[in-house]
Amino acid sequence: MSKDLITGAEALMRSLEHQGVNTIFGYPGGSIMPVFDALYDHRNNLNHILVRHEQGAAHAAQGYARVSGKVGVCLVTSGPGATNTITGIADAMIDSTPIVVIAGQVGTGFLGTDAFQEVDLVGITQPISKWSYQIRRAEDVAWAVARAFYIARSGRPGPVVLDFAKNAQVEKTKYEPTKVDFIRSYVPVPDTDEDSVKAAAELINNAERPLVLVGQGVELGNAQSELREFIEKADMPAGCTLLGLSALPTEHPLNKGMLGMHGNLGPNINTNKCDVLIAVGMRFDDRVTGNLATYAKQAKVIHFDIDPAEVNKNVKVDIAVLGDCKETLKAVTRLLKKNEHAEWVGSFTEYEKVEEEKVIRPELYPATDSLSMGEVVRAVSDATHHEAVLVTDVGQNQMISARYFKEISYLLWKYSVYHIHFFLKFNGRIRENLVKLRYFLKNLTCFLYSFFWDTYFIQDTCISDCCHRAVNLTLTCLCLHLSHLLLPKTGHKCSALCHPRSSLRKRSQVLRSGTEALSLSVHARYAHFLLHSQ
């Protein structure tokens, strides 16, 4: 290990490598330029992806973190560069996404003088981050980075902000790799109270109409199998939040759909009929609860969570089981009696029939020749055998996708976005074509990612919104055309695609006009190239 003097910027690069970072999203500027100079010498180990706007860097780091399971990193300059990341930081805090934002800052001698592009980033981000710290000395770099990554990824994940003063970037220091796995004032995983575990098990064992609310905490804690064992042993129906949808396969008999204002009828109505409400890794968001004055007042409430701040924040609970849900679910399950609630589980059927007749069927099989959003989303889901990674924007497309895009198997998150593996359940020629499909989706995601940030954030041009809509549109169109190319070869057909009015070539014509047609043409050529390049 070298003890030679190096700059703070070089120390940052080595510290990032020590943390296992291999991808950085960023945009350069004056106050962070020494770091970009140092980054050049590490280009073989640290892949920097240049975005077109700092907000894009923060959101890209979020997406990378979600897909890879690693901490996302973004690198920006001071002032407006730093403040442009605020939306991404706040979003990462709300959605519990581990990212580290490294922003340049004026030299310490200029702090507080309203110097060029100086802004109090620490003060701005403290309420919306797990930890915000200003690095003023080069010798603090290794410690600060190690602490930042530990805080970002441990406990309930979230964003960390490092405000890197320019003098600390160019000053010299001795570097030694630093590891942080304990902070005296920070408790990432609270101790689980055994009495709470016993009380929760007893309440569930005596329940006649238990209902489980599944949140993203199950996903973050990798507790999918523990959740299934938990609900199956006690025969408890479950509803999922938007971010918790992947925790249970769509076709699981105890999965009763999505909660909340855009969710399914059964779990929403039966929330106010259950006698025990069990929340696992969710925060009782207003989009789930609606009016708190009338929310589940008849039920005893059990709350599994890793974050004590969420307990009793919105809904008063009777029993709080704190800790990592992977462990707390196992602890409670061991004490549960094998049970059956056939009548209670069956009560969801009537609501499912009503919703199927009045909402789902008209959406999936519309009576007109026009495409419906649900029809397109389900067709894409069927074409990928319900095993694809789904990426949406915010708005109606997100809600429709959440309702009609199906998930039947867990995904293996491995190494990075370029190593997403699907569970392929077929052999021979079918498997070969699905491997092509996986390769296509992988590259299409990267291509659209780059395309989106290169166009949507072009300022002062009217074409940006058109491009944005075209990206969303062509993603669905391409997947439809892709399924048309793949499925005839495999001999397998999808129910939605085989519907008499679902001719791909005919129905996709409805979508082709103006910039959409041009964008579709370009993207289709790219898709065709990818399909035949392997």
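Sequence order as written defines the numbering, with residues in each chain counted from 1. Selection of residues for local features in this predicted model requires a pLDDT of at least 70, selection of side-chain atom pairs for listing and counting requires 80 or more, and totals for whole chains, interfaces and linings are taken over all residues. Excluded from the side-chain calculation are hydrogens and water; included are all heavy atoms of the structure.

A. Local environment of the pattern of salt bridges. Think of a salt bridge as a Lys or Arg side-chain nitrogen and an Asp or Glu carboxyl oxygen that are within 4 Å of each other. Inspection of the entire model under this criterion finds 16 salt bridges. The partner of Lys 326 in a salt bridge is Glu 226, with the nearest N and O atoms 3.1 Å apart. With Lys 326 in helix α14 (residues 325-335) and Glu 226 in helix α11 (residues 224-234), this residue pair connects regions lying 100 residues apart in the sequence. Of the charged contacts, one joins Glu 310 and Lys 313 as a salt bridge, the two residues approaching to 3.0 Å between their closest N and O atoms. Among the residues examined, Glu 310 registers a relative accessible area of 8% and is labelled buried. Each residue's exposure class comes from its accessible area (1.4 Å probe, protein chains only) as a fraction of the maximum for that residue type: buried when under 20%, exposed when over 50%, partly exposed otherwise. Lys 313 sits in the partly exposed class, given a relative accessible area of 44%. Taken together, the shared-partner salt bridges in this structure form one network comprising Arg 156, Asp 307, Glu 310 and Lys 313. Put simply, DSSP H or I for four residues or longer makes a helix, DSSP E for two residues or longer makes a strand, and each gets a number counted from the N terminus.

B. The nonpolar core, seen in detail. If you look at the biggest cluster of nonpolar residues, it comprises 39 residues, and the most contacted ones within it are Leu 12, Leu 16, Val 100 and Leu 162. Elements represented by at least two residues in this core include exactly α1 (8-18), α2 (33-40), β4 (72-76), β5 (99-105), β6 (131-135), α7 (141-153) and β7 (159-165). Considering each element in turn, this core owes the most residues, ten residues, to α7. The criterion used for residue contact is that any of the two residues' heavy atoms lie within 4.5 Å. Ignoring any residue separated from it by four or fewer positions in sequence, one finds Leu 162 in contact with Val 100, Val 101, Ile 102, Ala 103, Trp 131, Tyr 133, Ile 135, Ala 144, Val 145 and Ala 148. Here, nonpolar core means buried Ala, Val, Leu, Ile, Met, Phe, Trp, Tyr and Cys residues that are tied together by side-chain atoms lying within 4.5 Å of each other.

C. Structural context of the pairing of strand β9 (residues 210-214). Of all five residues making up β9, five are buried, and the element is well covered by its neighbours. Here β9 shows no split at all, with Pro 210, Val 212 and Val 214 on one side and Leu 211 and Leu 213 on the other all buried. Note: two strands are recorded as paired if DSSP finds a minimum of 2 bridges between them. Of the strand pairs in this sheet, β9 and strand β10 (residues 238-240) are connected by three bridges, and their pairing is parallel. Its bridge partner lying in β10, Val 212 is registered against Ala 238.

D. Up close: the side chain of Lys 406. Mapped onto the secondary structure, Lys 406 falls in the loop between α17 (396-404) and α18 (428-455). A 3.5 Å cut-off defines polar contacts: any pair of N or O atoms within that distance qualifies, except that in protein one atom must be a possible hydrogen donor and the other a possible acceptor, and neighbouring residues in sequence count only when both atoms are side-chain atoms. Within polar-contact distance, the side chain of Lys 406 engages the side chain of Glu 251 at 2.5 Å. Not counting residues up to four positions away in its chain, the partners in contact with Lys 406 are Thr 250, Glu 251, Arg 378, Ser 381 and His 386.

E. Just the packing of aromatic side chains, in detail. Aromatic pairing here means that ring centres of Phe, Tyr or Trp (its six-membered ring) are within 6.5 Å. Orientation follows from the plane angle: under 30 degrees is stacked, over 60 is edge-to-face, and everything else is tilted. This model, assessed by the stated rule, comprises eight aromatic pairs. Between Phe 230 and Phe 304, the aromatic rings sit 5.8 Å apart at their centres with planes inclined by 70°, giving edge-to-face as the arrangement. One end of the pair, Phe 230, is in helix α11; the other, Phe 304, is in strand β13 (residues 300-305), and 74 residues separate them in sequence. Overall, the relative accessible area of 0% leaves Phe 304 in the buried class. Their ring planes at 75° and their centres at 6.1 Å tell us that Phe 284 and Tyr 295 sit as a pair that is edge-to-face. With Phe 284 in the loop between β12 (276-280) and α13 (286-289) and Tyr 295 in the loop between α13 and β13, the pair connects residues that are eleven residues apart, well separated along the chain.

F. Representation of the pairing of β6 within the structure. Most of β6 sits inside the fold, with four of its five residues counted as buried. In the sheet, β6 pairs with β7 via five bridges, with the strands oriented parallel. Bridging from a neighbouring strand, Ser 132 pairs with Val 161 of β7. A crossover links β6 with its parallel partner β7, the connecting element being α7, and its sense is right-handed. The path from the first strand over the helix to the second decides the hand: if it runs clockwise while the strands point away from the viewer, the crossover is right-handed.

G. Spatial organisation of the environment of Ser 381. Relative to the helices and strands, Ser 381 is located in helix α16 (residues 373-383). Relative accessible area serves as the criterion here: at 0%, Ser 381 is assigned to the buried category. A C-alpha to C-alpha distance of 6.2 Å links Ser 381 and Lys 406, two positions 25 residues apart in sequence. Look past the residues within four positions of Ser 381 in its chain and what remains in contact with it is His 386, Tyr 404, Phe 405 and Lys 406. Of the polar contacts made by the side chain of Ser 381, one reaches the backbone nitrogen of Lys 406; its length is 3.0 Å.

H. Examining helix α5 (residues 86-95) more closely. Of the positions making up α5, those classed as buried are Ile 86, Gly 88, Ile 89, Ala 92 and Asp 95. Of the surrounding elements, those touching the buried residues of α5 are α3 (54-68), α4 (80-83), β5, α6 (121-125), β7 and α10 (216-220). Residue Ser 96 follows α5 closely and has a positive phi angle near 55°.

I. Quick look at the sheet that holds β4. Taking strand neighbours across the sheet as the criterion, the six strands line up as β3-β2-β4-β5-β7-β6 in an open arrangement whose pairing is parallel. Sheet topology places β3 (47-50) and β6 at the edges, where each strand pairs with a single neighbour. On average, adjacent strands in this sheet sit at an angle of 20° to one another, irrespective of strand direction. When β5 meets β7, the two strands line up parallel, connected through seven bridges. Here an angle of 0 to 180 degrees is reported between the N-to-C directions of two axes, which are lines fitted to C-alpha atoms, with helices fitted over the stretch in contact.

J. Structural view of a nonpolar patch on the surface. Together, Leu 265, Ile 269 and Val 354 line one region of the surface with nonpolar side chains, adding up to about 180 Å² of accessible area. Tracing the backbone through its elements, the reader meets Val 354 in helix α15 (residues 342-364). Take Val 354: its relative accessible area is 31%, and that puts it in the partly exposed class. Patch membership needs two things, relative accessible area over 30% and no salt bridge, and members are linked within 9 Å if like-charged or within 5 Å if nonpolar (Val, Leu, Ile, Met, Phe, Trp, Tyr). Only the protein chains shown count as cover for residues, and the accessible areas themselves come from Shrake-Rupley with a 1.4 Å probe.

K. Structural view of unusual backbone geometry. Its identity is not glycine, yet Asp 235 carries a phi of approximately 55°, on the positive side. In this fold, Asp 235 is placed in the loop between α11 and β10. Here the phi dihedral of His 385 falls at roughly 55°; this positive angle occurs in a residue that is not glycine. For His 385, the location among the structural elements is in the loop between α16 and α17.

L. A look at the environment of Val 160. Tracing the backbone shows Val 160 in strand β7. Looking at Val 160, the relative accessible area reads 0%, which means it is buried. Measuring from C-alpha to C-alpha, the distance between Val 160 and Thr 125 comes to 8.9 Å, with 35 residues separating the pair along the chain. Leaving out residues up to four positions away in the same chain, Val 160 has contacts with Ile 99, Val 100, Val 101, Lys 130, Trp 131, Ala 148, Ile 151 and Ala 152.

M. Up close: the confidence of the model for the protein chain. Each residue carries a pLDDT score, the predictor's confidence in it, ranging from 0 to 100. With 76% of its residues at a pLDDT of 70 or more, the protein chain has an overall mean of 82. pLDDT under 50 marks residues 409-432. Its contacts with residues more than four places away, or in other chains, come to 53 contacts. A low-confidence stretch, residues 476-534 stays under pLDDT 50, and its non-local contacts, those more than four residues away or across chains, total 96 contacts.

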